[in-house]
Structures are given as structure tokens and as C-alpha cells.
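A closer look at the structure
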Amino acid sequence: MGDMDPHIFAVAEDAYKQMSRNNKNQSLIISGESGAGKTASAKYAMRYFALVGGSLGDSSMEEKVLASSPIMEAFGNAKTTRNDNSSRFGKYVEICFSHEYHIVGAAMKTYLLEKSRLTFQAKAERNYHIFYQLCASATLPEFQGLGLGGAESFHYTNQGHCTHLEATDDAADLESTRNAFSLLGVPESSQLELFSLLASILHLGNVRLRAKDRHGESCFAEPGDEALGLFCTLLGVEQSQVSRWLCYRKLVTATETYVKPMSRQQALNSRDALAKHIYGLLFKWIVSRINKALRASCRQQASIGILDIYGFETFTVNSFEQFCINYANEKLQQHFNLHVFKLEQEEYMKEEIPWTFIDFYDNQPCIDLIEARLGILDLLNEECKMPKGSDASWAQKLYDKHLHHSPHFQKPKMSTEAFIVHHFAGKVEYQCSGFLEKNQDTVHAELIGLLRASKKSALLGELFPEEGDGSIALPSRRSHGSRVTVRPGRRSLPATDPEHKKPISIQFKASLHKLMETLSSTAPHYVRCIKPNDRKRPFEFDAKRAVEQLRACGVLETIQISASGYPSRWTYMEFFSRYRALMCLEELMGGDERQTCRLVLERLLKDPSKYQCGKSKIFFRAGQVAFLEELRGRRLRAACVVLQKSLRCWLGRRHFLHMRAAAICLQRFSRGFLARRLARHLRRTSAALTLQKNFKMALARRSYLRTQAAAVTIQAFARGMFARRLHRQMVASQKAVVIQSAARGWLARTKYLRVRGAVVYLQCCYRRMQARRELRQLRMEAKSVEHYKQLNKGMEIKVMQLQCKVDEQARENRSLSEQLSALRASHSEEVERLCSELRGLREDKAQETRIRELQEQLQRLESEKRSSEGRLGQEMEELKQRLTELEAMKSNLKEEKDALNQRIMEQSQELEDQLRRHVAAESQELLCQLEGERARYQNLVKECARLEQCCENLQDEVAFHKRTPSLRRSPSSDSILDSECSYPSSLSTAPSRDDADQQSESSSQSLDQERGRWRQSHEWRRLRSDSPPSSLNDDDGQDPFEKAYLLLLGQLNVVTEDLARTREELRRAKAQLAHERKPFEIFKRRNIAEILGLNRSPEKMIEEDSLMEEDLKYAYDAVQVSNKLLESQLQEEQQQHEQELEGLRLDIRSLKQLSKQQQSLIQDLQLQQEEGGLQSQIVQLKRENLDLEGQLERQEKSMLKLQKQLKTSMKQIQALTASREARLLEQKVKVEEMERPLDVPCPAGAFGGMLGCKAEDEGRLIRTIITDFKLQNNPGALPALPAYILFMCFRHADSGHNEHRIRSLFAAAVSGIKRVVKKHSEDFDVVVLWLANTCCLINCLRQYGRDQSYRLANTPKQNQHCLRNFDLASHCQSLGDLAIQIYQQLIRLAQKKLKPMIVAAMLESETIQGLSSARPPSYRKQPAAPAYTLDSLLQQLSSFHEALGRHQLEPVVVGQAFRQLLFTVSGVALNYLLLRRDACSWSQGVQLRYNVSQLEEWLRAKGLQQSGAMEVLQPLIQAAQLLQVKKTTEEDAEAICCLCTALTTPQIMKILRAYTPAAGLEERVSPSFISSVEDRLAERTPASPCQLLVDTAHLFPVHLPFSCSPVQLDELRIPDSINLTFLTRV
């Protein structure tokens, strides 16, 4: 390229070659006027270096280097009047190369960004390209929230009235800019934040500021300014603060802080300064990100720098920016002169080369004028420091200092605020206006503080980092009043960047000096860009303008030096090593290198004027080095030809030898192939002959065998026919013999059985006689035994207690009978008296007496009226006198009233807040107490179920002992036992009722039935007895277990009554507590001022009497007294509630003691079983016990009858005496009837949602819908269909006023459900089915009951189906107990299925492959894989969830069930982890955490994350985290204490002590670390529980919520597969 025309690639190639040849840093200095093509030349040079210096295998660095150009052009270039893409900043790009001269990175430095262009553009000029690119792409989806529009709508982009450029697509340029950002590693989120900041700058320019007054000393921002709102939204700052500090500034002195308003122009300048500051920081951030992306990845060997800086500029109005640009060009021209003229000619003189000096323009005086002491920049900085410095005073100082002392400084004739500087390119006139402001570049700290406090984006935080203590506290409210507000306070100035404190001129001067030093340390290469014309037209060349540029740049002198000088030079050593190939052998043998070089030059270059030999270098004219290079290339090419010839000869011979060896090998293989083919042919011929022989033999043998098989078949069929014919003949003759033998055998067996029965009967009679004799003997012996009383002391005490109870009830009965007789007597007397009065009133028809009485009464009233009028006159005079006194007091009372009203309002507000907090605390405490009560109540239900199970077990044991041969009974005793065994089932399964009358009636009915059965069995036994002794024996021969069983039944009834009484007390306590909380709710809902009447208007209060103020005082005092009274009542209720809780705990303990006594009694009875002699006494005690119970039942029955009679008599008395209140009662009845659901009769033939069931079909109904009901046998049926059928039967009984039918059907249903659940206790689906049906039945009883709170969501048709006569809400408690028992059984069944799977699935299965190698050796030696995996556990849980959902169980109950199951999973896994030492390892913790995360994912997939199941897994999660964390330092101990909040101290200590490290990877936990953790845990939770293992048997209290059923009873369809034809549809 050296012989071609001047080109940028040629200069770049020269720089690259010199760097690779001399291993020295190079630099390309591109200069010229604005618009001459400097930026384009720099891009072409970078493209060339990226191409020739590309890295091997990876071009990303070159692409990044090239990608920096469109970014810098978008943010740093703009359109001017002289250039459409003018660089408004200077940049120096340093490209780094490795030792192989491949690009390994780059770095960029920028100089003096023209920030004033951001806020002001001259006519026909534009702002920076990036703003127009954003406006052109405003319709993109990601820019919708930026509020962008066209460039014409923004003040910062429309001042030059040139928003579009020809042949420029701003939207496409933005896309290339974004691609460049992505290539440089800037993420999309950072780009969007960057564009958001740019949009906020545009909106900031549209903020309108208006003057407050005519003088313009202060201004304000419009509150509804849309641009200001968008600016604050994009930057995340408060709009009120921004609008305040745009119009005010803060002045801080040593002792005070002043807030001073600014004029509109000052506010606009502050706004523009903020915009320029933000854009300047953004530009620096972009340069830093580019440098970060282009940072060298390895050590650099050399570099080439490209300087693309603004050219010499002169406009109509030149300001501070043009001055700095021209100053930089002066420095670059000086550098050019230094290298091209000064250093070149000085080197010629140093080497003693004959040379004639050439004159050139030296611009050092101009540079001294600018940067020397007391120069232009020095005076500018000095003026900036002055308190009242101005542009005019600075201009005057310039005139005084330089006007008559420097030839390069002039003053314009027509201006006093401008000056002219003679630059190397010509004269430029600068306007002094704005120099000081642009040099200071001040931004108010208050606005910077607002941006620093914003947390909107990460980019904003990087641009404005936190300053620590230097931040200032901005006031939140605008100040009103005077324009200057003085606020005393300490001095708090924001800390700023020290570089930012310096003036722009000092910063620019320092960076320019660093640039000059960098350029001086490299070998420079100059590129002079010449602008062809000033009109920006293509293919138009202005020769005069080009010559002026060449002359100003010193190019003509450069050409003269190049023509007369020696541009190329080599040292002697470099020349000798470079051109050694051109030297002959004699020249190389010489010892003097200089002499050798001279001889070679004389031989090769014939003209001595083409070169000169200096002291240390050889200088060449232009073109001589290229000639020597060509000679050297020829010599090297000839040597290459010789080398190629020898190499090709060697390669040809080696190829020939390879071909010959290959031919020999092919011949050998071909001959072997032919021999093998001949041998294979011979073998195939022999094999064919063998195959033919064998095939022919096989055909012949097959034919022979087929013929033989046909003959054998024919023979077989023939012989079979003959044999069957003979068999039929033999069978016909044999049947008679068989019949005869069978008849004779039957006769013999009948005779034998008859004789054996008679023998057995005789044996039984004899043995029975012997047994009776032995029994009588044993009874006689038993009567003489003295220790029998000790053994039966407890039974005697029970009998005595029963006798005492009978006596007490007899006395009560007598007293009640006496009361009844007295009431009857009084009742008869009252009835007679009322009847006599009624007759008197009817017979008295004379009205004269009544009229006279009325006249007398009228006269009396008139006299009273006259007396009252006299008193009224006197009182009116007294009131007038008091009124005058009250008028005087009124003014005083008004003031007191206002003060009192204010005080009352404040105190009422405080009282309301206190009440609200108090009620919230009380409600939270009551909720906790309710949860505890619910848990204790469910434990009582569980204990009751356990006692019922004990009773059933005792019943089974009684039946078992009856069947054992050790105690021989008569059939009569067996029947008695059977009847008694069938008795307690109804008691044990009967629901507990709240009403004592109903309970006593049911118990008396069951006892009467039992006594009737006992009497029938006794009569039947008497008829069967043969003699009186045998009858006596039968009466006395009862089983001792029957007595114990009856005692246990009595104790169970007592426990049931206590439980019912406890429930009633709890219900009353809750109702009373709710009643006491109503005043707090009233205070919570209503305002105290409204209660006291303080919300009246002032006019009405003025008109009222002054007595109202006293009433207000009294009302306030009354409110205080009532508050104190309510607090005391609340405390008393709380104490009473605590006492009741203590009583319930005592009852629970007594029940536990009672169960222990029952167990001891069973053990005693088992011991007594071995002593047969005690049976008679036990039977006698049993008979006496039955008699006493019969008497007790009769007494209770009579007492109940008397109570009913007493109630009826009292009702009659009240009805007779309450005749005057009949109207009120009728009104109440009407109100109640209105509140009841409307009894709309169903149309004839329509189904009204009721099913009639007869008494004899009750058992059939229970068997059909409960015992034999299966959901899978009835497809399409609702899971809760049995519950709806039962409720429709209840409705029918309710409509018929049949309470007995409701009770019997309810008891039978509960008993049937219990039997089904017990029978299918291992079937999960059956248990879930009846839990769902029980809950549904409870909801139906509530939804269709009398409680209005449960009927709010009912439809009008559902309200028609409500119960009319009886309230079945009392049965909900029994059903709730049954549902709790079924739920607990369901949980136990699920736990039973889950527990074998937990350890294997959670701890032993390896769901993460490869962790077994990291486990301890003892844990890795397990022989077989676990039986269950995590997937099987999740499948089991999914099956449970599917079953619960299939039966439509309430989601709340489902969540509670899975919370309980996951508590079991967590507890079992944690206990196993605590008990197995080898299980505590890091790999186990990783595996366990992964398994728990799978459980959590399963919960989220099933929608159970809010059920509390996540919280019960926390101990297991923290245990897994404890196994994974570090356990060495004190920080680790503190982290463990903060992490393990759900684990107890013993559990944490156990895991730390049992932790087993991996072999060779970890160390065991040190004892000091364990003690440190233990001490910290003791400080953290001094009263924490010390439980090591988790109680997996713990059950959370279950809550059964109410949900309104949407099912319409009259639209319910019952499948035909359920055979309910015996029911009547009503």
C-alpha cells in the first residue's frame, strides 16, 4: 500500500507493521476541521485493526471493539451547521495486542463532552442522536410506560427546528445501538433503565416554571404539570420535593441554614444544570461499561491508540465549549510541530547530516496565552472563586492583562464582553457570556439528594451512590410566608466527588496534558482530514478552502521537509540484522558493522545522494527502503525455491516407495482371496451332497410314519367302540347293586346314630347331676370363707352408695309430692276465686255506678288542674328569675363547654383506642383459650370413645367366658347373658344429650326393656326346671363378669352425665362471655361522641338550656364508671372461666383414675375366675343390684312424671293469672310467626323434600343407607346421599310432631354409623365416606334449624324446607363428637399406613444420585435398597387426597388432616434422625432437604400450602439445614442459633454430637463449638422445652366448619340401585 494514494488503511498498516517490527506502542492522530471526516477515518482504522489483529478462533473482542462506535456516536454526536454527525466530545481508543499481535482488549478515554447542547441548540442544529432515536421508537411495547412522543413535543429536541435528517433512520439506529449494548454485555434491564433516565431528561425539559409576582424574584411549578409527574414517576422521587427544590435553594452557613427562593431564570438554569449533570453521569457510566467489556483478558504486549477529537471550530457565536475545543487543537498542532519540524531537524543536526532549516509556524505563544500563569484559563478560575464574580468582570480583567501585551489577543470593536484569539487556523471571537457558569458546572445538592434517595432503579443507585453521613435531610412540607426561611442547625453539606469540585477548565487541562504525555510515549502517525466545502455537498471541491486548511495545518511545510529530508532511518545494528541476506561472505567476515553497512550501501545503491550515514543511524530518502526490501524479498524467494526443490524430491521418492509396498501387499491379498474362494467352493459341493442325502431320507421316513399313525388311529377307534359297548352293558347290571348297598348303609347308620344319641343324653344327664352336686358343695364351702368380704368390699360400698342414693331420691320424691299437693290446693283455691270474680263481673250489668265514679274522677282531675295551674305560675316566675341568673353564667359555661368538649373528644378517642386494643388482645386471648378448650374437649371425646371400647371389650370377654367349658351353665343362664350382652350397646353408642329429662327417659326405657326380658327368661327357666333345687341353682348360677359389666356401665353413664354437664357449663360460659363482650363491641362500632350526643350542630346547642352542660359532665362520669364496671366484670368472668377450666382438669384426672380402677377391677375379676366358690355370692349381689336399679328407675320415672305435672300446673296458673298480658303475648307470637319460615304448602303430587319411614322399617332403612351402602355400587350418587336421606326422614317426623320417631331414628343412625366404622376400621374410603356424611348431616341440622345465623345464605326454597316444630340443634353436639371420633380414627388409619414408609422414603432412599459416596462408611454398608421411596410416599399421600376429594369433604378439614399427617412424617423422620448416629451427615442433610422440598412442592400442587402443613415441616427443614451448615467458628454458632428456631436445645445438641463427617473431607464437630452453641441457646430460650423426641401421637384439635349446602331437597335424585321403595315420598 505504500505506493498507492494516501489512504487510511495505508497509515493503519504502517502503524501495525512498526508495532510488530519494533515492538513499540503506536498512535494515530486524526485531526481536521469539524465535518472533515475524522470520526469516519477512526472507524475505518478500527475496522482494519480488528481485521488484521483478530484473535484465533474467537472474534468476540473485535466485534466488541467495533460495537463501541455506534454507542458513542448515539450518545456523543449531534448535527451542527457544519456537520450532520459532529463528535461533540473527544476520545482516545487504545487497542491492546498480545505477544502474537492479536487483539486482547481495548480502553477508551473521553474528553470534554459538550453538555450545553443538551439544553440549547442553535437554529438548524440538533441534540444528541439518542434522543431522536428514542422518540422515533416510542411505539415499541417496552417504551409504552416512558410517556414518549414525537421529537417536536419536547423542548430539548425542538429548539433547532430540525428533528429529522435525510438518509437517516433513527429507529434503525436505535436498534443497532441496542444490539451493540447487548454485544458489550449490558443486559436488557439495564438498557431499559438507561432509556428511562433519558426519557426523564426529556420530560424535565418540558417542566413549566412560572413567576409568582411581577418582580420575578420567586417562581413555582404547576402542581398538575404532566411532565413533572412523569419525571418523578420515572425516577421514583416525590413530586412535591422536586417542585420545591426546583424553585428554592439552600444556603448553609456555619451556624444556620437558609432556604432562598430563586427567580424563574435561575430555576430554569437549575433545571438545565440537573439535566446536564444526569446526562454527564450517564455518559461516564456508558464509557465505564464499555471499558469493562473491552478489558484485556491477558497481559498486553503493545498497543495502538486512535485519537478522534473534535476539530477546529468557529461559529457565529462561540462560547466556552468552542474555546476548549480550539485549545485542544492548539495542543495537538504543537505536538505535530514538535514531531514533524523540531525533532526532525534537531535529529539531523545531532547526526551531523548536512541540512538547511525550514521556517514553520510555532503556536507556543498562543498556548501560553491560554494556559500560562495569569492566562485566560487562570483568570477564569480566579473569577469563579470570587463571591460576586461575573462574565463582565472577567472580560475586563482579560483586557487589562493581555490586550496590549500579547499579539494573539484582541478586543472586538463593538463589544465589551468578547475577545478574539489568534489560533493557528485563524482568528476566533468568543462571547464571555456563560463562561463562568459552564466552567463551574454547579448543580444544587438538594436535587442530587432527592435522586440519591430514590430506590427506583439500580442504575440510578450507581449514578448517585449513598454518601453516608453526608446526606441532607430534606423538609417534607413547603414553607409559606416570607421568601427566606432561617432554620438554625448544624452544618451538613453533601459530600461530592473531589473531581467534580474542580472547574471544568482545570479538569480539561489536566486530561489534555495526560493525553499529550500518552502521545509523546508512542510513535505518532498523523492523518489530516481536509473538508472539501462548507456546504456539505458531495463531489464539490473548493480549492481555495482546501489550501487554507493545508496552510493552517502546516501540511505544506511537512511536504517540503519530506521532499528534502530523509524520512526513513535505521541504526547500524538494525540495518545489519535486517539486510544480512543481501551481504556476501567477505562482507559478513568483517569485524566493523558500520564499515560493512557502508560497503553494502555502496554496492546496492549507486547514487550516494539517496542516503546519508550519520553517527549512529543511516538516513534514506523516500523510496530507498522499499527498494532494499524488494532486493531482500528476491533473495529470500530464491532461497525458498532451493528448499522447495529438495523437499519435493524427498516427498516424491517417499511416495514411490509407498506405492510399491502397496502393490506387493495387494498382490499377496488377492492370491490369498482366490485360494480361499476355491476351498469354499469345494466345501459347499460336499455339503450339498450331504444335504440331498439327508433330505431324501427324511421324506421317506415321514411317509412311513404317516402311514403307521393312520393304522394305529383306526385300531384305537375300533377298540374304543368295542370297549364302550361292553361298559354300557356292565353299568346297566351294576346300578341295582349300588342302590341296594346305599339303602342298607343308610339303615345301619340311622340305627347307630339313634343309639349314640341315647348314650350321649344319658351321659349328659349323669354329668349334669354330678356338676350340680359339686356346685352345691362349692357354694356351701364359699359361704364359710371369711376373706370373701375383703375381696368384695368395693362392691358392698357400691351397693351402699346405691342404697343411699335411692333413699335420697325417695325423700326428694316425698318432698316433691308434698309440694305438688300444696300447689294443687293453691291452684284449686285460685281457680275458685277467679271463677267467682268472673261471675261477679258478668252479673254486674249496672253502669250507673261506673258513671258516677267517672264523674267523681273528672271533678277530682279539674280540681287538680286548677291547683297545678297555680303552682305552674309560681314556677314560671321562679324560672324567669333563674333564667336571668343563667344568662350571666352562660358565657362562662360556653368556654368551659368548649374546653370540656375538646377534652371529651380527646379522651373519647383515647378511650376508643384503648378499648380497641383491649378488645383485640382479649379476642386473641379468647381465641387461644377456645383452641385449648377445643383440644381438651376432643381429648374428653377420645377418652369417652376409649371407655366405650373398653365396655365392648368387656362384653366380648363375657361372651368368651360363657363359651369356655370351665364354667358350665344351663341354657337359661345363657339366655340371660345373651339378653344382658345386647343391652349395653345402646347405652354405649347412644349420643349424649343436653337435656337431663330426655336422658333419664331413655335410660328408664332401656332399663324397663331389659327388666322385661329378664323376667321372661326367668319364667321360661322356671318352666324348664325339673325340681326346686335346680331352679335355685339356675337363679344363683350367674357369671361374675356380668356384675362387673353392669358396674362399668353405671360408671360410664356417670361419666357421660358429667361430660354433658361440662358441655352445658362451657356453652353457658361462652354465651355469658359473649354477652359481656357486647358493650366493647358497641364502643368499637360507635363513636363515643355520638353516644354522648356531641355531634349536634352549634345552633341547636346554643338553643338548649345550660343544664345540658351538667348532663354532659354527668354522662362523661357515667361512662367512666361504666368502663370501670365493665373491666371489673370482665376480670371476674375471666377468673370464673379459669376456675371452670381447673374444674374440667380435675374431672379429667378423676376420669383417668376411674379408668385405672376399672382396669384393677378387671384384673381382680380375672383372679376371681379361678375361684368357682364365689359365684353364688356374686349372683346374689347381682340380683340385689338389679332390684335396686329397678327401684331407682321407678323413682326416677315417678319423679319425672311429677316434674311434668308440676310444669303443666304452673303453666295453667300462669295462663289464668296472665290474662291482662294476652295482647302482648299475641304480638310476640305474631312476631315469632313472621320470623319463622313461611309454611308454603306444596302443590298436590309434587315432592316436598320429605321421606316417610314407618317404625317397622327403621332397621331396614339403617341397613340400606348405612350398613350396606357402598358408593361404588351406586354410580352417579352424591357421597353425602345417606345424610340427606336421614334429614328428609327427620323432616317428615318433624312435620308429624313425632319426637319419639326422631329420637329413635337418630339413635339408630348414630349406632349404625359406629358399627360400620368399627367393622371397616381398616378401610380408608369407608371411614372418609362416613366422616363426610356426618359433617353433612351436622350442616343440614344447622342450615335448616331455628338459628337465623346459619340461614343467611339459604334460598327462599330452602327456607321453606326448614324444621317447624322441633329444634334438632341439640343433636349437633353428639354428631360433632361422632365426627371427631371418626376423624381421629381416620388419622390413626392413615398414620398406620404411612409410618412404615416414612423412614425409608425420607432418609434411606437415594433420590439424588451419587450422594451415597459422600455418606459415612457405616451408613453406606446397608445391603439392600429401601422398600419404600419418596415417590411411593407421595403416591400414598395423593391417594389420601384423592379419597378425601372424591367424597367431597370440606377443604378446611382436608387441610387439617394433611397438617396432622405431615406432622407425623416430620416427627418420625426427626426421631429416627436423632436416634441414628450414622444418619447425621452432610449428604443426609442434602438428601433430606431435597425430599422435604418435594413434599412442599406436592403441597403447593394440591393447594394445601395455607393449611398449616408447611409450618409442621419446619423442624425437619431446620434439622437438614443444621446438617449442611459449617460448624467451626463463632459466627457459625450464632448462625445456627438464629437458624434453628423450631428445634429444641436437646435436639440441636444431639444432632451436633451425632454429626458424622465425610471421610477425608470434613472434621468432627469440636466440643468447644458444641458448648458455645449450647451457651447461646441457653441465653436465647432459657425456658424452652427440654424434649428430645417428638411426640408423634399428639393430635391437633380439629375444627368442623359450617358450610351452606346448595342442594335443593325437593330436587334430590335417589338412584334406583338403592332399594328405598319402602319409603314414602311426601
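Worth saying up front: this structure is predicted, and the values here are computed from it rather than measured.

Another point: the pairing of strand S1 (residues 26-32). Among the 7 residues in S1, 7 count as buried, and that is most of the element. Alternating positions in S1 separate into two faces, Gln26, Leu28, Ile30 and Gly32 on one and Ser27, Ile29 and Ser31 on the other, with burial throughout. Inspection of the sheet shows S1 paired to strand S10 (residues 302-308) by 5 bridges, in the parallel sense. Counted as the bridge partner of Ile29 is Leu307 from S10. The sheet contact formed by S1 and strand S15 (residues 523-529) spans 7 bridges and is parallel.

Next up on the list: the side chain of Lys38. Along the chain, Lys38 turns up in helix H2 (residues 38-52). Here Gly32 takes part through its backbone oxygen, which lies 3.5 Å from a polar atom of the side chain of Lys38. Discounting chain neighbours no more than four positions away, the residues touching Lys38 are Ile30, Ser31, Gly32, Glu33, Asp308, Ile309, Tyr310, Gly311 and Cys529.

Right, let's talk about unusual backbone geometry for a bit. The backbone of Phe539 shows a phi angle near 55 degrees, a positive value even though the residue is not glycine. By the element assignment, Phe539 lies in the loop between S15 and helix H20 (543-553). Phe539 sits in the exposed class, given a relative accessible area of 92%. Phi at Gln1448 is positive, roughly 60 degrees, even though this residue is not glycine. By secondary structure assignment, the location of Gln1448 is in the loop between helix H46 (1430-1446) and helix H47 (1451-1475).

Next up on the list: the packing of aromatic side chains. Per the counting criterion, the structure on display carries 30 aromatic pairs. Arranged with centres 5.2 Å apart and planes meeting at 70 degrees, the rings of Phe89 and Phe283 form a pair that is edge-to-face. You can see Phe89 sitting in the loop between strand S3 (86-87) and strand S4 (90-97) and its partner Phe283 sitting in helix H10 (residues 264-293), a full 194 residues away along the chain. We note that Phe89, like Phe283, is buried.

Moving on to a positive patch on the surface. Taken together, the side chains of Arg676, Arg677, Arg680, Arg683 and Arg684 present a region of like positive charge at the surface. Locating Arg676 in the fold gives a position in helix H25 (residues 624-783).

Within helix H5 (residues 129-136), 7 of the 8 residues are buried, leaving the element largely enclosed by the surrounding structure. Where H5 is concerned, the buried positions are His129, Ile130, Phe131, Tyr132, Gln133, Leu134 and Cys135.

Now for the sheet that holds strand S11 (residues 409-410). Read across the sheet, 3 strands follow the order S11-S12-S13 without closing on themselves; strand pairing throughout is antiparallel. The sheet is open, and its two edges are formed by S11 and strand S13 (426-431), each paired on a single side. Strand direction decides the pairing type here: S11 and strand S12 (residues 418-423), joined by 2 bridges, are antiparallel. Of the residues in S12, the one forming a bridge with Gln410 is Ile420. Sheet contacts for helix H12 (residues 364-371): S11 and S12; angle to S12, the most-contacted strand, approximately 145 degrees.

Ordered by their spatial adjacency, 5 strands build an open sheet running S5-S4-S10-S1-S15, and the pairing between neighbours is mixed. One side of each edge strand has no neighbouring strand; the edge strands of this open sheet are strand S5 (103-111) and S15. Neighbour-to-neighbour, the strand axes of this sheet turn through a mean angle of 15 degrees, independent of strand direction. Here S4 pairs with S5 via 8 bridges, running antiparallel.

Let us now look at a nonpolar patch on the surface. A cluster of nonpolar side chains, namely Leu647, Trp650 and Leu651, defines an oily patch on the protein surface of about 310 Å² accessible area. Considering the arrangement of structural elements, one finds Leu647 in helix H25. The partly exposed category is assigned to Leu647, whose relative accessible area is 47%.

With that settled, the discussion passes to the packing of helix H52 (residues 1545-1554) against helix H53 (residues 1567-1580). Closest axis-to-axis distance for the H52/H53 pair is 10 Å, and the angle between their directions is 170 degrees. Of the possible angle classes, the one that applies to H52 and H53 is roughly antiparallel. Residues Thr1545, Ile1548, Met1549, Leu1552 and Arg1553 of H52 form the contact with H53, whose participating residues are Phe1569, Ile1570, Val1573, Glu1574 and Leu1577. A class-by-class count of the residues in the contact of H52 with H53 yields 7 nonpolar, 1 polar and 2 charged.

Further remarks concern the environment of Glu344. Here Glu344 lies in helix H11 (residues 320-350). In the structure, Glu344 is positioned 222 residues away from Tyr566 in sequence and 9.2 Å away in space, judged by C-alpha atoms.

Definitions and cut-offs
- Residues numbered from 1 in each chain as written.
- Predicted model: local features only at pLDDT ≥ 70, side-chain atom pairs only at ≥ 80, totals over all residues.
- Heavy atoms only, no water.
- Buried < 20%, exposed > 50% of the residue type's maximum accessible area, 1.4 Å probe, protein only.
- Helix = DSSP H or I, 4+ residues; strand = E, 2+ residues; numbered from the N terminus.
- Pairing = 2+ DSSP bridges.
- Polar contact = N/O pair within 3.5 Å; in protein donor to acceptor, adjacent residues only side chain to side chain.
- Contact = heavy atoms within 4.5 Å.
- Phe/Tyr/Trp six-rings, centres within 6.5 Å; stacked < 30°, edge-to-face > 60°.
- Patch = residues over 30% accessible without salt bridge, like charges linked within 9 Å, V, L, I, M, F, W, Y side chains within 5 Å.
- Areas by Shrake-Rupley, 256 points an atom, 1.4 Å probe, with all protein chains shown as cover.
- Salt bridge = Lys/Arg side-chain N within 4 Å of Asp/Glu carboxyl O.
- Lys, Arg positive; Asp, Glu negative; His and termini not counted.
- Charge placed at Lys NZ, Arg CZ, Asp CG, Glu CD.
- Axes fitted to C-alpha atoms, helices over the stretch in contact; angles between N-to-C directions.
- Parallel < 35°, antiparallel > 145°, perpendicular 65-115°, else oblique.
- Nonpolar A, V, L, I, M, F, W, Y, C, P; charged D, E, K, R; others polar.

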